[in-house]
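Structural description and commentary
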Amino acid sequence: MKFFRKVIISLLLVLLSLCLFCCEKKKQGEVIITEQEFVLRQEKEHSYVIDAKGKIRNIGEVDVKKVVVTGYCRSCSEVWVVGQWLESVAEKLPEQKDMIGYLAVGEEAEFSFKQIANMYHQDAAPPEMPENMEIVIESFESVN
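To start, this report covers the structure provided alongside it. (Residues numbered from 1 in each chain as written. Predicted model: local features only at pLDDT ≥ 70, side-chain atom pairs only at ≥ 80, totals over all residues. Heavy atoms only, no water.)

A word on the overall build of the chain. Per the secondary structure count, the chain includes one helix and six strands. Listing every helix and strand of the chain by position from the N terminus yields α-β-β-β-β-β-β. For the chain, whose C-alpha radius of gyration is 25 Å, the value lies well above the compact-globule estimate of 15 Å for 144 residues. Principal-axis analysis of the C-alpha atoms places the extent of the chain at approximately 95 × 30 × 25 Å. Taking as baseline every contact in the chain between residues at least 6 positions apart, the subset at least 24 positions apart corresponds to 75%. Put simply, the chain shows about 10,000 Å² of open surface, and 55% of that area lies on carbon and sulfur atoms. Within the chain, one finds 17 positive and 23 negative side-chain charges whose respective centroids are separated by 16 Å. (Helix = DSSP H or I, 4+ residues; strand = E, 2+ residues; numbered from the N terminus. Rg over C-alpha atoms; globule rule 2.2 N^0.38 Å. Contact = heavy atoms within 4.5 Å. Areas by Shrake-Rupley, 256 points an atom, 1.4 Å probe, with all protein chains shown as cover. Lys, Arg positive; Asp, Glu negative; His and termini not counted. Charge placed at Lys NZ, Arg CZ, Asp CG, Glu CD.)

In this section: the state of the cysteines. A covalent bond between the sulfur atoms of two cysteines is referred to as a disulfide. Summed over all chains, the structure comprises one disulfide. In this model, Cys73 is linked to Cys76 through a disulfide, with the two sulfur atoms separated by 1.8 Å. Handedness of the Cys73-Cys76 disulfide follows from its S-S torsion of about 75°: it is right-handed. Side by side, Cys73 and Cys76 carry an identical accessibility label, which is buried. (Disulfide = S-S within 2.5 Å. Buried < 20%, exposed > 50% of the residue type's maximum accessible area, 1.4 Å probe, protein only.)

The next thing to look at is the pairing of strand S2 (residues 47–58). Along S2, nine of the 12 residues are buried, which leaves the element largely enclosed by surrounding structure. Two elements, strand S1 (residues 31–42) and S2, share 11 bridges in a ladder whose sense is antiparallel. When the bridges of S2 are listed, Ile32 appears paired with Arg57. The hairpin turn running from S1 into S2, its antiparallel successor, is four residues long. In the sheet, S2 pairs with strand S5 (residues 108–120) via 10 bridges, with the strands oriented antiparallel. Residue Ala52 lies in a different strand from S5, and its bridge partner there is Phe113. (Pairing = 2+ DSSP bridges.)

Take unusual backbone geometry next. The phi dihedral of Lys66 is positive, around 50°, even though this residue is not glycine. Tracing the backbone shows Lys66 in strand S3 (residues 64–73). Of note in this structure, Gln115 is not a glycine but carries a positive phi near 60°.

A word on the nonpolar core. Membership of the largest hydrophobic core comes to 21 residues, with the highest contact counts inside it found for Ile56, Val67, Val69, Trp85, Ile100, Phe111 and Phe113. Of all the elements, S5 adds the most residues to this core, at six residues. (Core = buried A, V, L, I, M, F, W, Y, C linked by side-chain atoms within 4.5 Å.)

A few words now on the packing of aromatic side chains. Applying the stated criterion across every chain, the model contains one aromatic pair. Taking the centre distance of 5.9 Å and the plane angle of 15° together, the rings of Phe111 and Phe113 count as stacked. For the pair shown, Phe111 and Phe113 are each scored as buried. Taking NZ or CZ as reference, Lys92 lies 4.5 Å from the ring centre of Tyr72, over its face. (Phe/Tyr/Trp six-rings, centres within 6.5 Å; stacked < 30°, edge-to-face > 60°. Lys NZ or Arg CZ within 6 Å of the ring centre and 35° of its normal.)

For sheets, the rule is that strands pair by backbone hydrogen bonds, running either parallel or antiparallel. In space, the three strands of this open sheet follow the order S1-S2-S5, with antiparallel pairing throughout. One side of each edge strand has no neighbouring strand; the edge strands of this open sheet are S1 and S5. Each strand axis lies, on average, 20° off the axis of its neighbour in the sheet, ignoring direction. (Axes fitted to C-alpha atoms, helices over the stretch in contact; angles between N-to-C directions.)

Here it is in structure tokens:
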């Protein structure tokens, strides 16, 4: 009977320690934008677009892969009007985002993409940049 109790207690201790190890917090990747720049580019005679470039860094505990970076113009119109910045509300096209394949812990990588916003502008002087523009990291996968 004593042997049976020792086996049961041992099994319960093993089960308890397994539960504790299963609840251990997994290490996560974390990616931040360290530099960003918006560039006004004249595409045609009266057509202007805003492109973006910059750098991201992995500040997490593990390597990351498939990092998708894109941009948004929060102050742009969703309706095409001459002289106003327009942002497409549809899904981003491949040229409107960048994907970094792999980023090790502490590593930094450059990104660039085109056409965050566009404008048809009839004046001779180039238009001013919109006010509320942002670059975001849409997604990434942690490498465990």
